[in-house]
Amino acid sequence: MFNSIPGTPQSNSRKINRVKIFSCIKPVVDPTTRFSINESKTWIKTQDATFTASEADNYALEEALRLREKHTGEVVAVSLGGEEAAKVLRAGLAMGADRAIHLSDARARPASEFSVAETLARAIERDGGTDLVLTGVQSDDLGTGATGVMLAEFLGWAHATVAIGLSLDPESKTAVVERELEGGLLEKVEVQLPAVITVQYGANQPRYASLKGIMAAKKKPFMVWTAQEVGI
């Protein structure tokens, strides 16, 4: 099965010489640690929790790194939150991302998928746009799978979900996405770049951060933006 999903007319304005990829990473509570419910029974006591990157977002980051290695360019890791977001961004830099953008503002936490998507979209626009945005198919905590597609809508770009394979053609500014459907069915779609793609669990084998990567991460650009700075 092969379908074509065009992008919006304005999405073709960016020339692609080196591929620029945004990799969105959400910090979630480490499921191997103990945590407790807050007094209002609405969420957990975050001050007692240990955070890690949502598993599916690691697959998205790995896919971004592989595409950069194939086409050259840069991978920008972005996350929203407090110190827990900074932690997963540093881990992303150690894995191989070229720079990080930490969206840090108390008013943005906790946030709905809608507000997260809007904030991410404004950050991408402030950074000068991109060729591709990769996210995990869903987060490990809420698991709605909504942020990625909302992000595409805010940007006005095409999107594809549950990707297990991805190839880019910088010349034609398109991406071919292999999607995993229910019942073991597979589908291939072609999307016009720039686009937003959500990556399925198990799409690849995320690399471990090497000692060299951990040391190099300390020297990579790490920007911190507030909600006001991105126009929220």
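Up top is the structure these notes are about.
Engineer: Whenever I open this one, the pattern of salt bridges confuses me. Can you help?
Structural biologist: Here the structure, examined in full by the defined rule, presents eleven salt bridges. The partner of Asp-98 in a salt bridge is Arg-68, with the nearest N and O atoms 3.1 Å apart. Separated by 30 residues along the polypeptide, Asp-98 in the loop between helix H2 (83–95) and strand E6 (99–103) and Arg-68 in helix H1 (residues 55–71) bring together distant segments of the chain. Residue Glu-125 is joined to Arg-122 by a salt bridge in which the shortest nitrogen-to-oxygen separation is 3.4 Å. With Glu-125 and Arg-122 both in helix H3 (residues 113–126) and three residues apart, the pair spans about one turn of that helix. The exposure class of Glu-125 is partly exposed, given its relative accessible area of 43%. For Arg-122, a relative accessible area of 22% translates into the label partly exposed. Each of Lys-20, Glu-74, Arg-99 and Asp-127 takes part in a single network of salt bridges with overlapping partners.

Engineer: Is there a simple way to think about the packing of H3 against helix H4 (residues 147–155) in this case?
Structural biologist: Two quantities define a packed helix pair, namely the angle between the helix axes and the distance between the axes. Across the interface, H3 lies against H4 with an axial gap of 8 Å and an inter-helix angle of 50°. The angle between H3 and H4 places the two elements in the oblique class. Note that H3 runs across H4; the crossing there is right-handed. Facing H3, whose interface residues are Glu-113, Phe-114, Val-116, Ala-117, Glu-118, Leu-120, Ala-121, Arg-122, Ile-124 and Glu-125, H4 presents Thr-147, Met-150, Leu-151, Phe-154 and Leu-155. In the contact of H3 with H4, the residues fall into ten nonpolar, one polar and four charged.

Engineer: How should the packing of aromatic side chains be read in this particular structure?
Structural biologist: Ring pairs (aromatic) are described by centroid distance and by the angle formed between their planes. Here the structure, examined in full by the defined rule, presents one aromatic pair. Positioned above the aromatic ring of Phe-222, the side-chain terminus of Arg-90 is 5.6 Å from the ring centre. Geometry around Trp-225 places Arg-126 over its ring, the cationic atom sitting 4.4 Å from the centre.

So, how was this worked out
- Residue positions within a chain follow its written sequence, with the count starting from 1.
- Since the coordinates come from a predicted model, pLDDT governs what is reported: local features require at least 70, and pairs of side-chain atoms require 80 or more to be given and counted, while whole-chain, interface and lining totals use all residues.
- Excluding hydrogens and water, the side-chain values take into account all heavy atoms of the structure.
- Definition used for salt bridges: Asp or Glu carboxyl oxygen within 4 Å of a side-chain nitrogen of Lys or Arg.
- Secondary structure follows DSSP: runs of H or I at least 4 residues long count as helices, runs of E at least 2 residues long count as strands, and numbering of each begins at the N terminus.
- Categorising residues by exposure relies on relative accessible area from a 1.4 Å probe, with only protein chains included: less than 20% of the type maximum marks a residue as buried, more than 50% marks it as exposed, and the intermediate range marks it as partly exposed.
- Each axis is a line fitted through C-alpha atoms, and for a helix only the stretch in contact is used; angles between axes span 0 to 180 degrees, taken between their N-to-C directions.
- Comment on the angle field: the value is read as roughly parallel under 35 degrees, roughly antiparallel over 145, roughly perpendicular from 65 to 115, and oblique elsewhere.
- Here a crossing is taken to be left-handed if its near helix is turned anticlockwise relative to the far helix by less than a right angle, and right-handed if that turn runs clockwise.
- Contacts: residue pairs with any heavy atoms within 4.5 Å of one another.
- Residue polarity follows a fixed list, in which Ala, Val, Leu, Ile, Met, Phe, Trp, Tyr, Cys and Pro are nonpolar, Asp, Glu, Lys and Arg are charged, and the others, Gly among them, are polar.
- Paired rings are identified among Phe, Tyr and Trp, the last through its six-membered ring, by centres lying within 6.5 Å, and are further divided according to the angle between planes into stacked (under 30 degrees), edge-to-face (over 60) and tilted (the rest).
- For a ring to carry a charge above it, either NZ of a lysine or CZ of an arginine must fall within 6 Å of the ring centroid while also lying within 35 degrees of the normal to the ring plane.

Any functional reading would require information beyond the geometric quantities listed.
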